[in-house]
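Observations on chain architecture
Read off the chains here:
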Amino acid sequence: MADTQAEPLLDPKFLTRLEQLELVSRKIFMGRMKGERRSKKKGQSVEFADYRNYVIGDDLRFLDWNLYARLDRLFLRLFMEEEDLHFYILIDNSLSMDFGAPTKLHYAKQVAAALAFIGLCNMDRVVIEAFNEQLTQSMPAARGRRSFWRVLDFLDKLEPAGPSDLTKALRAFSIKCSGKGVVIILSDFMDKGGYEDALRYVIARNMDIYAIQILSQEEIEPDVKGDLKLTDAEDDDAAEVTISPALLRRYKQNLEAYRAALHSFCTRRGVACLFTSNKVPFDRLVLTYLRQRGLVR
């Protein structure tokens, strides 16, 4: 784990590829100020969109007098509004994420850094929150690529700690966040309390949600045998087991069922759900899989 932490999260050559991308929302949200992202709303920005008939009370500054001279009718010029996109990255830094080579947390940091860089290059508002049983650390909203050093500094200092409580943490986030936008949840979703209530809190905010489940290859294909005492990294709950081929088959079936249930729950509620392991190159996840799912283009 020390070796991966010593390496930079993103290679400079990879950054040049990310500069060509942008984050895409499946929904259009209202921003607090004029941003770089086009909205479906008609307003009074600089790019012409359409005309409509003048009605009493409209701003006379936007009348098209050339059309009036030709048609003897009053038309109002409409323009495209541009809005901020709020982009929230939620990273699970509970102790269960400190597993694998590279660890699941390190992998999540790399994905977070890549997506944050894309957002900053396109003048989106990027917020990063770390959570375990609560929101543990927050990076205030950043905008513009000059803020990328803040992202790297925040992620470099993020360490695994504490037990996980998805429900408590995502409830706190849904109360705290002020703007609507895109939410990326990076977690193994291995919570004894389940994920259903947790995700419902965020879904209720009408956000564009991506749940990315990260597992280590050691969890997917455990290479263990014999008599073992397994201890939960988060609550020290212990179990003595005898590893046999039949037990491993049952474990894999249960894990697959859990993954399928998470995917089904998310899909039915309009949440994009992706699964990845720490052996899948994170750049492939960003450049291929997330592009296929419509988050980046």
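Scope of this entry: the structure provided in the associated data block. Within every chain, residues take consecutive numbers counted from 1 along the sequence as written. Only residues with pLDDT of at least 70 get local features here, since the model is predicted, and only at 80 or more are side-chain atom pairs given and counted; chain-wide, interface and lining totals rely on the full set of residues. Remark: hydrogens and water are excluded; side-chain values derive from all non-hydrogen atoms of the structure.

With that settled, the discussion passes to the pairing of strand 10 (residues 238–243). Strands pair, by our definition, only if DSSP identifies at least two bridges between them. Secondary structure elements are defined from DSSP: runs of H or I of at least 4 residues count as helices, runs of E of at least 2 residues count as strands, and each element is numbered from the N terminus. In terms of strand pairing, strand 9 (residues 226–231) meets strand 10 through six bridges, oriented antiparallel. Across the sheet, the residue bridging to Lys229 is Glu240, located in strand 10. Turn length for the strand 9-strand 10 hairpin, with the two strands adjacent in sequence and antiparallel, is six residues, and the turn residue Asp236 shows positive phi of about 65°.

Here we come to the packing of aromatic side chains. Centres within 6.5 Å are what make two rings of Phe, Tyr or Trp a pair, Trp counting through its six-membered ring; a difference in plane orientation under 30 degrees is then read as stacked, over 60 as edge-to-face, and the rest as tilted. On inspection of all chains with the given rule, the structure shows six aromatic pairs. With centroids separated by 5.8 Å and ring planes inclined at 85°, the aromatic side chains of Trp65 and Tyr68 adopt a geometry described as edge-to-face. With Trp65 and Tyr68 both in helix 3 (residues 65–71) and three residues apart, the pair spans about one turn of that helix. Buried, partly exposed and exposed residues are distinguished by accessible area as a fraction of the type maximum, computed with a 1.4 Å probe on protein chains only: under 20%, between the cut-offs, and over 50%, respectively. Owing to a relative accessible area of 35%, Tyr68 belongs among the partly exposed residues under this scheme. Look at Tyr88 and Phe173: their rings are 5.4 Å apart centre to centre, the planes differ by 75°, and that puts the pair in the edge-to-face class. Placement of the pair is Tyr88 in strand 4 (residues 86–92) and Phe173 in helix 6 (residues 166–176), with a sequence separation of 85 residues. On the basis of relative accessibility, which here comes to 5%, the residue Tyr88 falls in the buried class. Since its relative accessible area comes to 1%, Phe173 is described here as buried. Members of the aromatic cluster, each reached through a chain of ring pairs, are Tyr195, Tyr258 and Phe265. Distance and angle both matter: a charge sits over a ring if NZ of Lys or CZ of Arg is within 6 Å of the ring centre and within 35 degrees of the ring normal. Positioned over the ring face of Phe275 is Arg259, at 3.5 Å from the centre of the ring. The ring of Phe265 has Arg269 lying over it, and the distance from NZ or CZ to the ring centre is 3.9 Å.

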